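Residues per chain are reported as follows:
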Amino acid sequence: MTATPAKGTITITHTRADGTLVEGSSKGDGVYELIRPCGFRYFRSLGMLGIQQSRDKAAKRWKINAAAEALRQAGWTVEIEIDEDTRRTFAEAEEERYERAESRTERFGTYADNAAGRSEAARERGRQIAEGIPFGQPILVGHSSEARARRDQERIDSALRTYVEEGKRAGYWAAREKAAAAYKEFRTNPGRTLRRIEKLEADARRVEKWLAGQSAGGYRRSDTDELHRRKAEIAEELAHWREVIADAERRGFKVWGPDDFQKGDFVNCGGTWYQVQRVNKKTLTIPHIHGGVRVAVVRKDPADKTRRGYTIPYDSVKGWASAEDIARLEAAEPEPEAERTVCPHCVRVANGQKRFSEARGMCTVCGYAKPQNFKAGPAPAPEADGHQEQAEQAPPVEEPAPAAETCPMCHSPRWHPVARRCANCNHAPGEPTPAPAPAAGEDWQEGMALVFIVSKNTRRTRKRALWAMTRREAQAVCGDSRTSGRSYMLTWTDRPGTEGADWEWVPDNGSLDQVLEDLGITPRREWTTAPKAAAAVAH
């Protein structure tokens, strides 16, 4: 058998500070193809081959030995250097992780901005091409313009597809940017850190058993040197994360335990107050969480004599209250809506409504209960005389500051709340009054509706109202083919919103008088609920 000629020397090194790396290889020498099946990959930032996620860990000798054997069979001389004692501190490793997260945030933000720019540029290209084509203009088959029209069609289609694809790509990188920016906050979250400490303490107990020659986790280990190294690493990690918890406690975080609760207390979990049924060593037993949907306080059913319930760990606890505290909160009258604040739980669907009552510490609609710790101070006693005293006695409810007021028409942040004017769309509603809701009658079609005119490719700050009439009349007018054209149409609604803010009257030029006459309809120019008698006379 002919011996394979030597090709060179490859050195595989491992330290806990740098991980497992390959030295002596260059692009195109075939080394990557040989060791890739063994778990090695190329690190672009280092310009070297190595094993992913091998830093701060013991050497994966089975991968290293397999790669060395494959290289030797191909004619390479392989040297293996493993140093398990050269390592970096856990604090240094954490700081590097945070720095890399910041670098990812900046890089992903650049990717998102570039993709958004390409998306908008593609949309603008398609719009410019489309503007040169009259609305509704078909391709004239056989005409000299046919070839160009088909090219324009393909260019518009390509531009719009690029707009959509780049928009999705921009959203993807924006989400990656957001995740990278939240890495440190996610990593040092107190509840998550407590669970990490609990796991490390279990690992420490397991290592102690192995060092004592006992079985732990269902097996034994005899690699004493590695166990001693792992013991030191666990101690360092525990010290680091316990300092994170201590810092969180200095900033007001509460580490809950069995000594903080007794049967009958209330615990806030997920924005709901649950009555404590049983205090356990590591958990609390509460009524099942399925009973807490849109409910601020959940108590155990007095008729339920069983011990069943739902358990939550102490790191899920967000607040404590006694039965008396909850009773006082439930007895408190909520403030008028103008004095309430935005609920952080249902803010997305509240449409600007102020639903959260600070006097009760609860949302008046979705049932969200703000986490509070009444061990620091009792809940306020309800006052029958007025709402202001209740609000002053209520404990402070920590919640994010409400978003700045935006324009009710274009939702631009350039809205001036004092002048009630938008610098973006010039919307100035003044002091609008809501339009009256349609009266409920026996015949739904006899209720009032507003007829609007809408135009294609025209952006209006307010809807343009032409007439007020009954629903039956509005259906007949809007359904007539003579009330729609190539660039406009009529539509109607029975819930038009606020006059001056959402819609406004526009002049009637009389172009549709013949349609109204043929249908026997006499429209009105004021938005009021039509009396039944008037409706009967009109018909």
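Note: the structure precedes this text.
(A) Spatial organisation of the layout of surface pockets. Of the volumes computed, that of the largest pocket is approximately 1,800 Å³. Taken together, 43 residues make up the lining of the largest pocket; nearest its centre are Gln 53, Ser 54, Arg 55, Arg 97 and Arg 100. At the level of elements, strand 2 (19-23), strand 3 (40-43), helix 3 (90-131), helix 5 (183-187), helix 6 (190-211) and helix 7 (224-250) are the ones that each hand at least two residues to the lining of the largest pocket. A total of 8 residues in the lining of the largest pocket trace back to one element, the largest contributor, which is helix 3.

(B) Local environment of the nonpolar core. Formed by 23 residues in total, the largest nonpolar core has its most connected members in Phe 261, Val 267, Trp 273, Leu 284, Val 297, Ile 312 and Val 317. When residues of this core are traced back to their parent elements, those giving at least two are strand 6 (266-269), strand 7 (272-275), strand 9 (283-286), strand 10 (297-298), strand 12 (319-321) and helix 8 (323-331). It is strand 6 that provides the largest number of residues to this core, a total of 3 residues. Sequence-distant contacts of Val 297, defined by excluding residues within four places in its chain, comprise Phe 266, Trp 273, Ile 326, Glu 330 and Met 362. Within the second largest apolar cluster, 17 residues are counted, among which are Ile 12, Val 22, Cys 38 and Leu 49.

(C) Quick look at unusual backbone geometry. The backbone of Gln 53 sits at a positive phi, close to 55°, despite the residue not being glycine. By secondary structure assignment, the location of Gln 53 is in the loop between strand 4 (48-51) and helix 2 (61-73). Of note, Asp 56 is a non-glycine position whose phi angle comes to about 60°, a positive value. Structurally, Asp 56 can be placed in the loop between strand 4 and helix 2.

(D) Representation of the sheet that holds strand 7 within the structure. Spatially, 10-7-6-12 is the arrangement adopted by the 4 strands of the open sheet, whose pairing is mixed. Strands with a single pairing partner mark the edges of an open sheet, and in this sheet they are strand 10 and strand 12. Here 3 bridges tie strand 6 to strand 12, and the two strands are oriented antiparallel to one another. Its bridge partner being in strand 12, Val 267 is matched across the sheet by Trp 320. In the packing of helix 8 onto the sheet, contacts are made with strand 6, strand 7, strand 10 and strand 12, and the angle to strand 12 comes to roughly 90°.

(E) Structural detail: the pattern of salt bridges. Per the counting criterion, the structure on display carries 42 salt bridges. Between Arg 250 and Glu 243 there is a salt bridge, and its shortest N-O distance comes to 3.0 Å. Within the structure, one salt-bridge network assembled from shared partners comprises Arg 16, Glu 84, Asp 85, Arg 87, Glu 226, Arg 229, Arg 230, Glu 233, Glu 236 and Glu 237.

(F) Structural detail: the environment of Ile 12. For Ile 12, the location among the structural elements is in strand 1 (residues 8-15). Here Ile 12 falls in the buried class, since its relative accessible area comes to 1%. Put simply, Ile 12 and Leu 49 are 37 residues apart on the chain and 9.4 Å apart in space, counted from C-alpha to C-alpha. Look past the residues within four positions of Ile 12 in its chain and what remains in contact with it is Thr 20, Leu 21, Val 22, Ile 64, Ala 67, Ala 68, Val 78, Glu 79, Ile 80 and Glu 81.

(G) Quick look at a nonpolar patch on the surface. Residues Leu 160, Tyr 163 and Val 164 make up a contiguous nonpolar surface patch of roughly 240 Å² in combined accessible area. Position of Tyr 163 relative to the elements: it lies in helix 4 (residues 146-181). Judged by relative accessible area, Tyr 163 falls into the partly exposed class, the value being 32%.

(H) Looking closely at the environment of Val 279. Mapped onto the elements of the fold, Val 279 is located in strand 8 (residues 278-279). Between the C-alpha atoms of Val 279 and Gly 264, which are 15 residues apart in sequence, the distance is 9.9 Å. Not counting residues within four places of it along the chain, the set of residues in contact with Val 279 comprises Pro 258, Phe 261, Gln 262, Lys 263, Leu 284 and Tyr 314.

(I) A look at the packing of helix 6 against helix 7. Close contact between helix 6 and helix 7 brings their axes to 9 Å; oriented N to C, the two are set at 155°. With respect to helix 7, the element helix 6 is oriented roughly antiparallel. Pair helix 6 / helix 7 crosses with left-handed handedness. Grouping the amino acids of the contact of helix 6 with helix 7 by side-chain chemistry returns 15 nonpolar, 3 polar and 8 charged.

(J) Summary view of the pairing of strand 7. With 4 bridges connecting them, strand 6 and strand 7 associate as antiparallel partners. By the bridge assignment, Phe 266 is partnered in strand 7 with Gln 275. Two strands pair when backbone bridges link them, and strand 7 and strand 10 are joined in this way by 2 bridges, in the parallel orientation. Residue pairing for strand 10: Trp 273 is matched across the bridge by Val 297.

(K) Representation of the sheet that holds strand 8 within the structure. With respect to topology, 3 strands assemble into an open sheet ordered 8-9-11, the strand pairing being antiparallel. Two strands close off the open sheet at either side, each with one partner strand: strand 8 and strand 11 (310-313). Both strand 9 and strand 11 contribute to a ladder of 4 bridges, which runs antiparallel. Within the sheet, the bridge partner assigned to Leu 284 lies in strand 11 and is Ile 312.

(L) Summary view of helix 10 (residues 471-479). The complete set of buried residues in helix 10 reads Arg 471, Glu 473, Ala 474 and Val 477. Each buried residue of helix 10 lies within a common arc of 155° when the element is viewed along its axis, so the set occupies one face.

(M) Examining the packing of helix 3 against helix 4 more closely. Contact pair helix 3 / helix 4: the axes reach a minimum separation of 7 Å and the direction vectors enclose 160°. Taken together, the axis directions place helix 3 and helix 4 in an arrangement best described as roughly antiparallel. The handedness of the crossing between helix 3 and helix 4 comes out as left-handed. Its residues assigned to classes, the contact of helix 3 with helix 4 shows 17 nonpolar, 6 polar and 10 charged.

(N) Fine view of the packing of aromatic side chains. On inspection of all chains with the given rule, the structure shows 11 aromatic pairs. Directly above the ring of Trp 256 sits Lys 254, whose terminal nitrogen or CZ lies 5.5 Å from the centroid.

Thresholds, definitions, all that
- Residues numbered from 1 in each chain as written.
- Predicted model: local features only at pLDDT ≥ 70, side-chain atom pairs only at ≥ 80, totals over all residues.
- Heavy atoms only, no water.
- 1 Å grid on protein atoms, 1.4 Å probe; cavity = no way out; pocket = protein on both sides within 12 Å on 5 of 7 lines; lining within 4 Å.
- Points joined across faces, edges and corners; volume = space filled by probe spheres on them.
- Helix = DSSP H or I, 4+ residues; strand = E, 2+ residues; numbered from the N terminus.
- Core = buried A, V, L, I, M, F, W, Y, C linked by side-chain atoms within 4.5 Å.
- Buried < 20%, exposed > 50% of the residue type's maximum accessible area, 1.4 Å probe, protein only.
- Contact = heavy atoms within 4.5 Å.
- Pairing = 2+ DSSP bridges.
- Axes fitted to C-alpha atoms, helices over the stretch in contact; angles between N-to-C directions.
- Salt bridge = Lys/Arg side-chain N within 4 Å of Asp/Glu carboxyl O.
- Patch = residues over 30% accessible without salt bridge, like charges linked within 9 Å, V, L, I, M, F, W, Y side chains within 5 Å.
- Areas by Shrake-Rupley, 256 points an atom, 1.4 Å probe, with all protein chains shown as cover.
- Parallel < 35°, antiparallel > 145°, perpendicular 65-115°, else oblique.
- Left-handed = near helix turned anticlockwise from the far one by under 90°.
- Nonpolar A, V, L, I, M, F, W, Y, C, P; charged D, E, K, R; others polar.
- Arc of directions from axis to C-beta.
- Phe/Tyr/Trp six-rings, centres within 6.5 Å; stacked < 30°, edge-to-face > 60°.
- Lys NZ or Arg CZ within 6 Å of the ring centre and 35° of its normal.

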